[in-house]
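The chain contents come next:
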Amino acid sequence: MDFNKQINITLKSGKTEFGCRSASTAAKQGKAKLIILASNCPEEYKNEIMRDAKNSGISTYTYDGTSMELGSVCGKPFIVAAITVKEPGNSEILKLAE
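Visitor: Explain the pattern of salt bridges to me, using residue names and the numbers behind them.
Guide: Across all of its chains, the model carries five salt bridges by this definition. Where Lys86 meets Glu17, a salt bridge forms, and the shortest distance between an N and an O atom there is 3.2 Å. Linking Lys86 in strand 4 (residues 82-87) with Glu17 in strand 1 (residues 15-18), this pair joins segments that are 69 residues apart in sequence. You can call Lys86 partly exposed: its relative accessible area is 28%. Since its relative accessible area comes to 29%, Glu17 is described here as partly exposed.

Here it is as structure tokens:
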């Protein structure tokens, strides 16, 4: 599966949020289908998000690239350490978690 293509489809047709705080809140509340973390996501956020996501039954995926690369894939002029996928839209991004 081409991650870059699927993330772009998700961004255009689904519901997503950017940032560690947003991902952390969604993980605690169980209001996400998937949380994508950059490989260099700050450890304190990464550990908290992964723990809360596991407790809420939310899948997580660690992107191979850095937050700068993830931001670039998303077409954003800033770093993106975490993406919360609330609705996948027309993408097959949820298959990443399998």
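There is more to say, and it comes next.
Visitor: Can you break down the nonpolar core residue by residue, with the values?
Guide: Core analysis: the biggest nonpolar cluster contains 15 residues, and Phe3, Ile7, Ile36, Ile83 and Ile93 have the highest contact counts within it. When residues of this core are traced back to their parent elements, those giving at least two are helix 1 (3-13), strand 2 (34-37), helix 4 (67-73) and strand 4. Apart from the residues within four sequence positions on either side, Ile83 is in contact with Ile7, Thr16, Glu17, Phe18, Leu34, Ile35, Ile36, Leu70 and Cys74. Ala23, Ala27, Ala53 and Ile58 belong to the second largest nonpolar core, which has 13 residues in total.

Visitor: Would you mind going over the packing of aromatic side chains in detail, with residue names and values included?
Guide: As enumerated under the stated definition, the model contains two aromatic pairs in all. Seen from their ring centres, Phe3 and Tyr61 are 5.7 Å apart, and the 20 degrees between their planes marks the pair as stacked. Of this pair, Phe3 sits in helix 1 while Tyr61 sits in strand 3 (residues 59-62), and the two are 58 residues apart along the sequence. Centroid distance Phe3 to Tyr63: 4.9 Å. Interplanar angle 35 degrees. Geometry classified as tilted. Of the two residues, Phe3 is situated in helix 1 and Tyr63 in the loop between strand 3 and helix 4; the sequence distance between them amounts to 60 residues.

Visitor: An account of the environment of Gly65 is requested, with residue identities and associated values reported.
Guide: Here Gly65 lies in the loop between strand 3 and helix 4. Residue classification places Gly65 among the buried residues on the basis of a relative accessible area of 7%. Note: C-alpha distance between Gly65 and Ala38 (27 residues apart in sequence) is 6.2 Å. Sequence-distant contacts of Gly65, defined by excluding residues within four places in its chain, comprise Ala38 and Ser39.

Parameters and conventions
- Residues numbered from 1 in each chain as written.
- Predicted model: local features only at pLDDT ≥ 70, side-chain atom pairs only at ≥ 80, totals over all residues.
- Heavy atoms only, no water.
- Salt bridge = Lys/Arg side-chain N within 4 Å of Asp/Glu carboxyl O.
- Helix = DSSP H or I, 4+ residues; strand = E, 2+ residues; numbered from the N terminus.
- Buried < 20%, exposed > 50% of the residue type's maximum accessible area, 1.4 Å probe, protein only.
- Core = buried A, V, L, I, M, F, W, Y, C linked by side-chain atoms within 4.5 Å.
- Contact = heavy atoms within 4.5 Å.
- Phe/Tyr/Trp six-rings, centres within 6.5 Å; stacked < 30°, edge-to-face > 60°.

Treat this as a map of the structure, not an account of what it does.
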